[in-house]
Amino acid sequence: MRVALFASCLVDLFRPNAGFATVSLLENAGCIVDVPPEQTCCGQPAYNNGDKDNARDIAKQVINEFSDYEYIIVPSSSCAGMMIKHYPQLFEDNAEWYKKATDFSAHCYDLVTFLHDILKITSVPVTYQGNITYHDSCSSLRETRVKDKTRHLLACNEKINLLELGNPEACCGFGGTFCVKYPEISESMVNDKIADIEATGADTVVSGDMGCLLNIAGRLKRLNKPIKVFHIAEVLAGMTGIAAIGDADDTKKSEPSS
Amino acid sequence: MKSKSHAFKQQAADALVNVSLQKALLNAKDGFIVKRKKAMDELPEFERLRTKAIEIKEHTLSHLDQYLEYFEQQVIKSGGTVHWASTTTQAQQIIVELCKQANARTVTKGKSMVGEEAAINDALEAAGFEAIETDLGEYIIQLANEPPSHIIAPAIHKSKQEIADLFKDHHKKYNFNSKLETIPEIVNEAREVLREKFINADVGITGANFLVAETGSTLIVTNEGNGDLTATLPKTHIVISSIEKVVPTLEDTSVLLRLLARSATGQEITSYTTFFNGPKRNSDIDGPENFHVVLLDNGRSNMLQNENHEMLKCIHCGACLNHCPVYSAIGGHAYGWVYPGPMGSVLTPIMQGLDEAKDLPFASTFCGRCEEVCPLSIPLPKLLRQHRNHIHHDKLNTSRSRLGLALWAFVASRPALYRPLSNSFIRALGWLGKKSGRFSWLPFASAWTQSKDLPAPAAQSFMSAWTQQQAKKKSSENE
Amino acid sequence: MNNAREEIFNRIKSKTRQNGQDAASIIERRLSAHQRGPVPVFPEELLERFILKLKNVVGTVKEISDMSELPAAVSEYLSSLNVEQKIVTAVPEIHSLNWPADFEVNNRAAISSDLSSVTMAYAAVAETGTLVLQAAKETPTSLNFLPDNFICVLKQQDIHTSMEDIWDAIRKDDKGMPRVVNFITGPSRTADVEQTIQLGAHGPRYLHVIIIRQAGSD
Ligand code: SF4
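Going along each chain's sequence as written, the residues are numbered from 1 onward. For this description, chains carry letters from A and ligands carry numbers from 1, given in the order in which they are written. Owing to the predicted nature of the model, reporting of local features is limited to residues with pLDDT of at least 70; listing and counting of side-chain atom pairs is limited to 80 or more, with chain, interface and lining totals taken over all residues. Note: side-chain values were computed over all heavy atoms of the structure, leaving out hydrogens and water.

### Here we look at empty space enclosed by the protein
All names here are of chain B.
(1) Moving on: A pocket here means an open set of points on a 1 Å grid, computed over the protein atoms alone, that has protein on both sides within 12 Å along at least five of seven lines. A cavity is instead a set of points where a 1.4 Å probe fits but cannot get out; residues with an atom within 4 Å of a point line either one. Grid points are joined across faces, edges and corners, and a volume is the space filled by probe spheres set on the points. Throughout the structure, instances matching the rule amount to eight cavities of 30 Å³ or more.
(2) Moving on: In this structure, the largest cavity spans a volume of roughly 160 Å³.
(3) Moving on: If you trace the largest cavity, you find 19 residues lining it, with Cys 324, Pro 342, Ala 363, Ser 364 and Cys 370 closest to the centre.
(4) Moving on: Strands here are runs of E lasting at least two residues and helices are runs of H or I lasting at least four, both read from the DSSP assignment and numbered beginning at the N terminus. Only α15 (325–330), α16 (341–352), α17 (369–373) and α18 (380–393) provide two or more residues apiece to the lining of the largest cavity.

Here is the structure:
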């Protein structure tokens, strides 16, 4: 099965290892992974700031670049939600592009849905050992709706001991440009999240969205908390051997492995 | 009240460092959420009720003029009068006039958010009437001279101690001098003070949760019973409400009531649900002699066919506030007008102007929990996004954010430009941040770094590492 | 007088799509159909359910088999509260009962100094443990709200399943909508001070329901 990876801008720039982990999970399940070169971002920054014109331009570019693929995989629920739910809405007054956008969105999958529903994987090469807690991103709860699927995948490997958060439906306070428009409110929200994470006793927090991960890691590190932060693809693919998000690279290994 | 929504940013920042407010918010935080969840878990019919409720509202709104006319006829048949107000000023004038006709001195009030919207208390006081809020929460904030901070729990931001202090100052004149320490003591003293007001009031003003066209009923839900005392004891009962609150039948009302109480407080039904139909009848031995309904438009009719029409389905349950992480962090006052939280961030820009309230639609992470819990499934994030679109379109956002957005979009829609730029950008950052793995300060990201470190980007982007890897693979295959 | 009414209706009419004749028949049909929405179902018998739900909201219950037992039941309840043996009621069926000599029964609407009232429910809703009262000469509304101790007499056969049944019952009476219909579920309460529930905010502190069992039931 040939699939295309949309890495998402944050994975591309901040966490290539999560991109390679995604590739590894897909290849292990027998997929041939293409990474179309002309990809940048899904357009959420423009869309969420009321700039529909620019959001449309970016969406068109993504749709064109990926139009040949049967399966387009995104290791982020918020980008997947954007592509699946909001791309068609962007073109509601343009019949031609509306059709293109709906066709396109039918082929988009967030990583967890694809692994769970399409590849139906039942084992994952986890190497990580310890207690993790999982932060459900808002888009994974309410757009791609993968809460249970994520739990199923994590349960595929008994090395993972999942400790659930007390308030798993709460937003971490990232919200794209929200966190820089309202840094104080965002800080208060992420503090609540961190208190919840700490209360579980887990040593690692995992999530499926880079935005949340950067936000949570950023605050954890500022507070000098030893809790580690990983993308779910890294955990599932057994690629947690490098420094966690926001941690110093003490392994001296800069080249990601695959 | 005059809107202070333009100062949202400052008000929000102040709220976050207001120790007593933060304590009160923490105390309130999970109560509503837990109670609502329990009530919904015990109601397997919830989704069907929700679907029906949406149907009821959509149907009524698409025949709004006819239902309002029918409602009016029924009120007249029962001996009451309906008054119409396009604007809040008109509503104030009508109510002041009615109080004058009643030769009133003291006016008791049941909780009404439309009354807050129309600033009825200010108008009554300016006209020389003594206007007393009787819902305990409303009474507390009236003493404190503050607006409500929650649509169903107006004094949620006040601590027991603050309330005791307010009572100490304001109840001296009624010869109450004891130091109040417990909640029962506070509630009891309010009961005694307000009892006198109920008995002596000449006019009682209540709101209405719904207006029933079929019967011309106005109905209120309260837990305290204050609304019923307000409506029953004075000679004149005035109901202030708004035009979108009409529903066709008593059966339709029952559907909405089942959703309202559970969404609001997690109760199956509020302690007192009362249907009023006109003034005292010949055989009655109590009840008001005059019955008036004042219906406010205040921009609602204009929403009927525009993109904001979904907001007219709101039944004011407050669930979206209770589940909003931004509301829970800053409380209601920061929003600057009578309606806070997600529903307020949609309504305030409509009623007070987009420019006045342009910061509110951005005070959301689009987490979507409001829409999820809204008993009418109102797409609040979508409505906020529409406001954002207009703000951007009308150039009401700052030129700095417009420029940033434009530059970013210019680059992001051109991969040939994006790739080398982003690569060199992160190469520099990645190199700088390599040692510690993060930045605690960055010149262009100070809004981030004021409270969080920024995890350092990788020295090489995924795309460039991938390209390199593929090239290597290819060449080794060719060897 | 302003012309707001006209303005508002003009604005609404210009925004809604309905045109005269058709729409009138649509709303008339809807108004007369009285179509019910989903009504929650419950496994219990009506009486059992009513009592269960009433107790959940801190109401108390006493069952008697006949109206003649009412004075004793009321007297006993007032004793348990440690308040004077004195009530206000306006229900002829109640004040004409054989009350003990030292028991004071006032026949009128309530005034502020009344501590205890007794009145008659029009009906009850089992779904939520709710009493339904109508404003009428015999059942003035002030009795339900002013006194601290509110005692309500309910006949078992008047317990219905849902609020919707009440609407049907009122329509069957064919006397139009009563001036006031009160749905009362438990005593008065507030959570306005620190989200803590406190009973007896402005209305009754205690709600006591005396159910007269239907002849032939046990
Ligand atoms: S928008 Fe929905 S959740 Fe919010 S108050 Fe209105 S009805 Fe309730």
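### Considerations on a nonpolar patch on the surface
Residue and element names in this part refer to chain B.
(1) Moving on: Taken together, the side chains of Phe 410, Leu 417 and Leu 421 make up a nonpolar region of the molecular surface, amounting to roughly 260 Å² of accessible area.
(2) Moving on: Locating Leu 421 in the fold gives a position in helix α20 (residues 415–433).
(3) Moving on: A relative accessible area of 45% means that Leu 421 is categorised as partly exposed. What goes into a patch is any residue over 30% in relative accessible area without a salt bridge, connected to like charges within 9 Å or, for nonpolar side chains (Val, Leu, Ile, Met, Phe, Trp, Tyr), within 5 Å. Working definition of accessibility: Shrake-Rupley area with a 1.4 Å probe, residue cover restricted to the visible protein chains. Any carboxyl oxygen of Asp or Glu that lies within 4 Å of a side-chain nitrogen of Lys or Arg is treated as forming a salt bridge with it. Per-residue accessibility, obtained with a 1.4 Å probe over protein chains only, is compared with the maximum for each type, and a residue is labelled buried under 20%, exposed over 50%, and partly exposed between these values.

### What about the interface of chain B and chain A?
(1) Moving on: Contacts between the two partners involve 62 residues from chain B and, on the opposite side, 73 residues from chain A.
(2) Moving on: Two parts placed together each lose some accessible area under a 1.4 Å probe, and adding up what both lose gives the buried area. In this assembly, chain B packs against chain A so that about 5,600 Å² is buried in total across both faces, 60% of it on carbon and sulfur atoms.
(3) Moving on: Between chain B and chain A we count three salt bridges in total.
(4) Moving on: Its salt-bridge partner being B:Glu372, residue A:Arg142 comes within 3.2 Å of it at the nearest N-O pair.
(5) Moving on: Per-element tally for the side of chain B that touches chain A: the top contributor is helix α22 (residues 462–478) of chain B, with seven residues.
(6) Moving on: Residues were grouped as follows: Ala, Val, Leu, Ile, Met, Phe, Trp, Tyr, Cys and Pro as nonpolar; Asp, Glu, Lys and Arg as charged; and all remaining residues, including Gly, as polar. For the side of chain B that touches chain A, the per-class residue count stands at 30 nonpolar, 17 polar and 15 charged. Working rule for contacts: check all heavy atoms of both residues, and any pair within 4.5 Å makes them a contact.

### Section: the sheet that holds strand β8 (residues 159–160) of chain C
(1) Moving on: In this scheme, strands are said to pair when DSSP sees at least two bridges between them. Across the sheet, which stays open at both edges, the eight strands sit in the order β8(B)-β5(B)-β6(B)-β9(B)-β9(C)-β6(C)-β5(C)-β8(C) with mixed pairing between neighbours. Either end of the sheet is taken by a strand with one partner, and the two such strands are β8 (246–247) of chain B together with β8 of chain C.
(2) Moving on: Pairing geometry for strand β6 (residues 217–222) of chain B and strand β9 (residues 272–276) of chain B, over five bridges, is antiparallel. By the bridge assignment, B:Leu219 is partnered in β9(B) with B:Phe275.

### Brief notes about the interface of chain B and chain C
(1) Moving on: On the side of chain C, 79 residues touch chain B, which itself brings 100 residues to the contact.
(2) Moving on: At the boundary of chain B with chain C, total buried surface from both sides reaches about 7,600 Å², with 55% on carbon and sulfur atoms.
(3) Moving on: Along the contact surface separating chain B from chain C lie 13 salt bridges.
(4) Moving on: The shortest N-O distance in the salt bridge between B:Asp252 and C:Arg30 comes to 3.2 Å.
(5) Moving on: In the analysis that follows, any N or O atom pair within 3.5 Å is treated as a polar contact, provided that within protein one partner can donate a hydrogen and the other can accept it, and provided that, for residues neighboring in sequence, both atoms belong to side chains. Linking chain B to chain C there are 47 residue pairs in polar contact (both at pLDDT 80 or more).
(6) Moving on: Split by residue class, the side of chain B that touches chain C holds 44 nonpolar, 31 polar and 25 charged.
(7) Moving on: In this sheet, strand β9 (residues 180–184) of chain C lies alongside β9(B) in antiparallel orientation, the contact comprising five bridges. Opposite B:Phe276, over in β9(C), you have C:Val180 as the bridge partner.

### Description of the site of the ligand
(1) Moving on: By nearness alone, 13 residues border the ligand, and B:Cys314, B:Cys317, B:Gly318, B:Cys320 and B:Cys374 come closest of all.
(2) Moving on: When its residues are assigned to classes, the shell around the ligand shows 11 nonpolar, two polar and no charged. Any residue with a heavy atom lying within 4 Å of a molecule or strand is counted as near it.

### Notes on the environment of B:Cys314
(1) Moving on: Position of B:Cys314 among the secondary structure elements: in the loop between α13 (300–303) and α14 (319–322).
(2) Moving on: For the pair B:Cys314 and B:Arg262, spaced 52 residues apart in sequence, the C-alpha to C-alpha distance is 15 Å.

### Examining the domain arrangement of chain C
(1) Moving on: Where each domain begins and ends is defined by an automated method or by a domain database. Per the domain assignment, the segments making up chain C are domain 1 (1–34) and domain 2 (44–212).
(2) Moving on: Relative placement of domain 1 of chain C and domain 2 of chain C: their C-alpha centres are 40 Å apart.

### Observations concerning the pairing of strand β1 (residues 81–85) of chain B
Residues and elements named next belong to chain B.
(1) Moving on: Across the five residues that make up β1, a large majority, four, are buried.
(2) Moving on: For β1 and strand β10 (residues 290–296), the ladder comprises five bridges, and the chain directions are parallel. Pairing of Ala 85 across the sheet is with Leu 296, part of β10.

### Things to note about the pattern of salt bridges
(1) Moving on: Taken as a whole and judged by the stated rule, the model has 55 salt bridges over all chains.
(2) Moving on: The salt bridge involving B:Glu55 is made with C:Arg30; its shortest N-O contact spans 2.8 Å. Separated into two different chains, B:Glu55 in helix α3 (residues 46–62) and C:Arg30 in helix α2 (residues 20–33) make up a pair that spans both.
(3) Moving on: Among the residues examined, B:Glu55 registers a relative accessible area of 32% and is labelled partly exposed.
(4) Moving on: Under the relative-accessibility criterion, C:Arg30 is labelled buried at 16%.

### Describing the packing of α16(B) against α18(B)
Residues and elements named next belong to chain B.
(1) Moving on: Between the N-to-C directions of two axes lies an angle of 0 to 180 degrees, each axis being a line fitted to C-alpha atoms and, for a helix, fitted only over the stretch in contact. For the pair α16 and α18, the least separation of the axes is 9 Å and the interaxial angle reads 35 degrees. For the pair α16 and α18, the crossing hand works out as left-handed. In this structure, α16 contributes Pro 342, Met 343, Ser 345, Val 346, Pro 349 and Ile 350 to the contact, and α18 contributes Leu 380, Leu 383, Leu 384 and His 387.
(2) Moving on: Classifying every residue of the contact of α16 with α18 by side-chain character gives eight nonpolar, two polar and no charged. Helix crossings fall into two classes, left-handed where the near helix is turned counterclockwise from the far one by less than a right angle and right-handed where it is turned clockwise.

### Focus: the nonpolar core
(1) Moving on: For this analysis, a nonpolar core means a set of buried residues of the types Ala, Val, Leu, Ile, Met, Phe, Trp, Tyr and Cys, connected via side-chain atoms within 4.5 Å. Counting 117 residues, the largest nonpolar core has A:Ile185, B:Phe8, B:Phe275, B:Met311, B:Ile330 and B:Met343 as its most contacted members.
(2) Moving on: The element best represented in this core is helix α12 (residues 250–265) of chain B, accounting for seven residues.
(3) Moving on: Those residues in contact with B:Met343 that lie beyond four places of it in its chain are B:Ile151, B:Met311, B:Cys314, B:His316, B:Cys320, B:Leu321 and B:Leu380.
(4) Moving on: Among the nonpolar cores identified, the runner-up in size contains 60 residues, and A:Cys9, A:Phe91, A:Trp97 and A:Val205 belong to it.

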